[in-house]
Amino acid sequence: MDNEKKEDDDVSTWGTGIFAPLNVIILAGLLLVFYMLYRRRREQQLQARRRPLILSPMEKRDFRLSELREFDGVRNPRILFAVDGIVFDVSRGRGFYGPDGPYGSLAGHDASRALATMNIDAVSDTWDDLTDLSATDREAMNDWRDNFRFKYDEIGKLLKDDAPSSGDTENRPATEQVETESKKEI
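Residues numbered from 1 in each chain as written. Predicted model: local features only at pLDDT ≥ 70, side-chain atom pairs only at ≥ 80, totals over all residues. Heavy atoms only, no water.

**Looking at the environment of proline 102**
Move 1: Residue position: proline 102 is located in the loop between helix H4 (94-97) and helix H5 (112-117).
Move 2: Through-space distance from the C-alpha of proline 102 to that of isoleucine 120 is 9.2 Å; in sequence the pair is 18 residues apart.
Move 3: With near-sequence residues (within four places) excluded, proline 102 lies in contact with Gly95 and Phe96. (Helix = DSSP H or I, 4+ residues; strand = E, 2+ residues; numbered from the N terminus. Contact = heavy atoms within 4.5 Å.)

**Observations concerning the side chain of histidine 109**
Move 1: Relative to the elements of secondary structure, histidine 109 occurs in the loop between H4 and H5.
Move 2: Taking the relative accessible area as the measure of exposure, histidine 109 reaches 18% and is therefore buried.
Move 3: Within the structure, histidine 109 has its side chain in polar contact with the side chain of aspartate 125 (distance 2.8 Å).
Move 4: Histidine 109 has contacts with Leu68, Leu80, Phe81, Ala82, Val123, Ser124 and Asp125, leaving out every residue within four places of it along the chain. (Buried < 20%, exposed > 50% of the residue type's maximum accessible area, 1.4 Å probe, protein only. Polar contact = N/O pair within 3.5 Å; in protein donor to acceptor, adjacent residues only side chain to side chain.)

**Observations concerning the side chain of aspartate 110**
Move 1: Mapped onto the secondary structure, aspartate 110 falls in the loop between H4 and H5.
Move 2: Here aspartate 110 sits buried without a salt bridge, and the closest side chain of opposite charge, arginine 113, lies 7.9 Å off (N-O distance).
Move 3: Polar contacts involving the side chain of aspartate 110 include one to the side chain of serine 112, which spans 2.7 Å.
Move 4: Residues in contact with aspartate 110, not counting those within four places in the same chain, are Leu65, Leu68, Ala82, Val83, Asp128 and Leu158. (Lys, Arg positive; Asp, Glu negative; His and termini not counted. Salt bridge = Lys/Arg side-chain N within 4 Å of Asp/Glu carboxyl O.)

**Things to note about helix H6 (residues 135-151)**
Move 1: An ideal rise of 1.5 Å per residue puts 24 Å on 17 residues; H6 measures up with 24 Å between its terminal C-alpha atoms.
Move 2: Turning to H6, its buried residues are Arg138, Met141, Arg145 and Phe148. Seen along its axis, H6 keeps its buried residues to an arc of 85°; they face one direction. Away from its buried face, by an angle of more than 90 degrees, H6 presents the exposed residues Ala135, Thr136, Glu139 and Phe150. (Expected span 1.5 Å × (residues − 1). Arc of directions from axis to C-beta.)

**Let's talk about the pairing of strand E2 (residues 80-83)**
Move 1: Side chains Leu80 and Ala82 project from E2 onto one buried face, and the interleaved Phe81 and Val83 project onto a second face that is buried too.
Move 2: Relative to strand E3 (residues 86-89), E2 runs antiparallel, the two sharing four bridges. Bridge pairing in E3 links alanine 82 to valine 87.
Move 3: From the end of E2 to the start of E3, which pair antiparallel, there are two residues, and aspartate 84 there has a positive phi angle of about 55°. (Pairing = 2+ DSSP bridges.)

**A short note on the pattern of salt bridges**
Move 1: In this structure the tally under the stated criterion is ten salt bridges.
Move 2: Put simply, arginine 39 and glutamate 43 hold a salt bridge, and the shortest N to O gap is 3.4 Å. A residue pair is termed a helical-turn pair when its members lie 3 or 4 positions apart in one helix, as arginine 39 and glutamate 43 do in helix H2 (residues 21-50) at four residues.
Move 3: Its relative accessible area of 40% is what places glutamate 43 among the partly exposed residues.
Move 4: The partner of glutamate 154 in a salt bridge is arginine 149, with the nearest N and O atoms 3.2 Å apart.
Move 5: Judged by its relative accessible area of 29%, glutamate 154 is partly exposed.

**Observations regarding the nonpolar core**
Move 1: With 19 residues, the main nonpolar core has Phe81, Val83, Val90, Tyr97, Leu106, Leu115 and Phe148 as its most contacted residues.
Move 2: Every element with two or more residues in this core is listed here: E2, E3, H5 and H6.
Move 3: A total of three residues in this core trace back to one element, the largest contributor, which is H5.
Move 4: The contacts of leucine 106, once residues within four sequence positions are left out, are Leu80, Phe81, Ala111, Ala114, Leu115, Ile120 and Val123.
Move 5: Of all hydrophobic cores here, the second largest spans nine residues; its members include Phe63, Leu68, Phe71 and Ala82. (Core = buried A, V, L, I, M, F, W, Y, C linked by side-chain atoms within 4.5 Å.)

Here it is, written out as structure tokens:
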């Protein structure tokens, strides 16, 4: 008899409290509404990313490292970075190089060392003369540079912050310095 009473108590308490059928239905409805709102917002974000950003062509000019930092896709919609002393406009590749892209940390920086060593964390805010790169790393950097030359617009050269705008070999990338010095010897 005690067992029958216990079973009756269990059945009678199931429909009350937090697990009442009405509460479960309301909770399921709220979860569905939140999911639909999240999904709509996510779709809008994806569409905004896919929408091409149309920018007018940029004038070719040289950039100091401090000037290049502005073009990170956040402060300025245009995305630029340098490889081996050459500044590229990679704005068309916003999905890769934009703020939310996998290579977003390269935007507005000298990306030479990061691409040469395949280490995105190697991006620096200071001038890097690249003289300590191994031959393999230098070859990888040159491959990246050539790839960007083929795919994106070359905007100008990268200069040191304290450099005059032209003619100073100290401000050229290490590969250009070697080429210039070898031409002088001939």
